[in-house]
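# Fold and contact review
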Amino acid sequence: MTQSTVLAKWLNPEVADRISVLGTIYLMEEHPATLRALTEQRPLVVQAADPGSDPADRQSAQLYGWTSRLNVPLVTRGRTVGYVEVRESRCERLFTEEEVRLCQTIATDAATAIEHARLFQAEQEQRAFAEALEEAAAVVSATLNLDQVLDRILQQVARVVPGDAFNVMLIEEGKARVVRWRGYERWGGEDKIAGLSMPISAYPILAEMVQTGRPVIVKDTAQDSRWVPTDNWLWLKCYVSAPILVTGETVGFLNVDGAQPDQFGPADAQRLEAFAHHAAIAIENARLFRDALHQTDELQIALARLEQADQLKNQFIQNVSHELRQPLALIRGYAELLAAGEMGRLTSEQRGPIDIITRRARMLGDLVQDITLILEAEAHRPSQEPVAFDTLARAAVEDFQVITQQIGLTLEADIASDCPPVVGEASYLRRVLDNLVGNALKFTPQGGTVTVRLWPEEGQVYLQVSDTGIGIPPRHLPRIFERFYQVDGSARRRYGGVGLGLALVKEIIESFAGTVSVESKMGEGSTFTVTLPVYQEGGQD
Ligand code: ADP
């Protein structure tokens, strides 16, 4: 080709009314032939001398000194992405068909190459965005330090949104306060941005985001009526922001400032929205964490109070049982002396009441002992010594024989003679026996049988106390070992007791690494089974 000038021009796909050549913007209305070539998507030759050509084109010919001009649009997949312009300025002539065809072939190849380059660039940008977003997500789940998370989010935003300064604002009492920022030192604005607080009602853009929950782009701060200009921020020429939404409510903004107009497009707003979503998660996490800490503090205070109350209660019970023990022992002693006739013969009228006094004094004594033991066991671990459980069991059965007969029951024993000692402390294990046998007798109607069995098996000693009594309803079984739990807790209940006996049994047995369980059938009876580890010389496993 012999022409003197060739220009390749890019079309900005977002701005249809201008084209730019090396940074110079050309307005389409000044180049009607170009506009036609672009819209009709075919090559077009304009001749300056042609009286039928548009005056604007003739003016351009004069200005740039061309005689004829060939406009070839760059079209790929039906989209015009730019154009090539060939100008003849040395002689009056038309471009030949051959030249036009050649130019069009080149233009088609160029258009495809441009499209590929664009796609490649778009893919690169998309990948960078995905990476940045992934890093933001990772930091959100890695730390609960909100400042740190927001700083890292801003860092990632700066990678993929082409801005000059970035900040996060949080809303407090109707004001948006800048809490984290980056990039302001370049604009001498660092001291101005720190702690900047803006009443939302005074800033239409912020108010708009609160209302719509959608991002906002200000292409040119000098042109946008929503923008409120401030002397401190004259360098700021464009702006994009996304609201930070927590459960649908705007709690802050993610802002990006630009020093040139027109830096941001819808894609940037969309990206900011994605980062704002991560910021929202971080803010919500931080809030939940703060609440949880607060609750923990409150719980700790409540726990401390409870512990104090518990201590006072224990102290009180200990004092009361201590005060009761001695008078009770005296009452019981004298009652037994009286019952035995040691203090003079009893008349038949006196015998009944004296027996009642003796029995009730014994019951009260047992109760006081249970309370004392349960508090003691709680305060310090009982010693772990070898205890001949079989001897203890025989003694207990013997002690209960008299009362058993008095109430019309049978007490049977099947206690192995070669039983090894168990781990425990004799006074505690005796209470276990007394409570289990005592309960069995208490809850078995006249004519029934209570059986105490004891045998060694695989490193354990088993104690079983069975009765043919009233049984325990299944729904109560899981709870009868709780302190103060009674199957019949009503004021009109038939059986005495305060619900401490089984709790004491369980706490004692478990403190010696043993177990206790129960099986029961209503109307047929109950069986309580205790296991205790056999005592090992030189320490327990
Ligand atoms: P209490 O002082 O009321 O006997 P315990 O802790 O010893 O308290 O027993 C808790 C509850 O378990 C009793 O109130 C009773 O309802 C039930 N219970 C315990 N042993 C037996 C048993 N052998 N037969 C039937 N019910 C029993």
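Every value quoted in this text rests on a predicted model; they were computed, and no experiment measured them.

In the vicinity of the ligand, 19 residues are found, and the nearest of them are N439, D467, Q486, G499 and L502. At 2.8 Å, a backbone N or O of L502 approaches an oxygen atom of the ligand. Coverage of the ligand by the protein amounts to 95% of the 530 Å² it exposes when considered alone. It is helix α10 (residues 426-442) that provides the largest number of residues to the shell around the ligand, a total of three residues. When the residues that make up the shell around the ligand are grouped by side-chain class, the tally is 10 nonpolar, seven polar and two charged.

Let us look at the side chain of D164. Within the secondary structure layout, D164 lies in the loop between α4 (146-160) and β7 (165-172). Polar side-chain contacts of D164 include one of 2.7 Å to the backbone nitrogen of A259. Within polar-contact distance, the side chain of D164 engages the side chain of Q263 at 3.1 Å. Those residues within four positions of D164 in sequence are excluded, and the remaining contacts are G183, R186, W187, D257, G258, A259, Q260 and Q263.

Before going further, it helps to spend a moment on the sheet that holds strand β14 (residues 410-415). Backbone-to-backbone hydrogen bonds pair the strands of a sheet. The strands run either parallel or antiparallel. The strand order across the open sheet formed by five strands is β14-β16-β17-β19-β18, and the pairing between neighbours is mixed. Of all the strands in the sheet, just β14 and β18 (515-521) have a single pairing partner and so form its edges. For this sheet, the mean inter-axis angle between neighbouring strands, taken without regard to orientation, is 10°. As paired strands, strand β16 (residues 449-457) and strand β17 (residues 460-467) are joined by eight bridges and run antiparallel to one another. Bridged to W455 within β17 is Y462. In the packing of α10 onto the sheet, contacts are made with β14, β16, β17 and β19 (525-533), and the angle to β17 comes to roughly 25°.

Attention now goes to the pairing of strand β6 (residues 79-88). Put simply, side chains in a regular strand alternate between the two faces of the sheet. Burial analysis of β6 places eight of its 10 residues in the buried class, which makes it a mostly covered element. Pairing of strand β5 (residues 68-76) with β6, which is carried by nine bridges, proceeds in the antiparallel orientation. Pairing of P73 across the sheet is with Y83, part of β6. The hairpin turn running from β5 into β6, its antiparallel successor, is two residues long, and R77 in that turn takes a positive phi close to 45°.

Now for the sheet that holds strand β9 (residues 197-199). Across the sheet, six strands lie side by side as β9-β8-β7-β12-β11-β10; this open sheet has antiparallel pairing. In the strand order of this sheet, the two ends are held by β9 and β10 (216-218), each with one partner. Within this sheet the neighbouring strands show an average axis-to-axis angle of 25°, counted without direction. Both β10 and strand β11 (residues 238-246) contribute to a ladder of three bridges, which runs antiparallel.

In this section: the packing of aromatic side chains. Within this structure, the stated rule accounts for eight aromatic pairs. The interplanar angle of 70° and the centroid separation of 6.2 Å between the aromatic rings of Y184 and W235 together place this pair among those described as edge-to-face. Placement of the pair is Y184 in the loop between β8 (175-182) and α5 (190-193) and W235 in the loop between β10 and β11, with a sequence separation of 51 residues. You can call Y184 buried: its relative accessible area is 0%. Assessed through its relative accessible area of 14%, W235 is described here as buried. Taking 6.3 Å as the distance between ring centres and 80° as the angle between the ring planes, the aromatic pair formed by F481 and F528 counts as edge-to-face. Of this pair, F481 sits in the loop between β17 and α11 (501-511) while F528 is found in strand β19, placing the two residues 47 residues apart along the sequence. For F481, a relative accessible area of 14% gives the class buried.

Take the environment of N285 next. For N285, the location among the structural elements is in helix α7 (residues 266-339). On a C-alpha basis, the gap between N285 and N145 in space is 9.5 Å, while along the polypeptide they are 140 residues apart. Aside from chain neighbours lying at most four places away, what touches N285 is V140 and L144.

So, how was this worked out
- Residues numbered from 1 in each chain as written.
- Predicted model: local features only at pLDDT ≥ 70, side-chain atom pairs only at ≥ 80, totals over all residues.
- Heavy atoms only, no water.
- Near = heavy atom within 4 Å.
- Polar contact = N/O pair within 3.5 Å; in protein donor to acceptor, adjacent residues only side chain to side chain.
- Areas by Shrake-Rupley, 256 points an atom, 1.4 Å probe, with all protein chains shown as cover.
- Helix = DSSP H or I, 4+ residues; strand = E, 2+ residues; numbered from the N terminus.
- Nonpolar A, V, L, I, M, F, W, Y, C, P; charged D, E, K, R; others polar.
- Contact = heavy atoms within 4.5 Å.
- Pairing = 2+ DSSP bridges.
- Axes fitted to C-alpha atoms, helices over the stretch in contact; angles between N-to-C directions.
- Buried < 20%, exposed > 50% of the residue type's maximum accessible area, 1.4 Å probe, protein only.
- Phe/Tyr/Trp six-rings, centres within 6.5 Å; stacked < 30°, edge-to-face > 60°.

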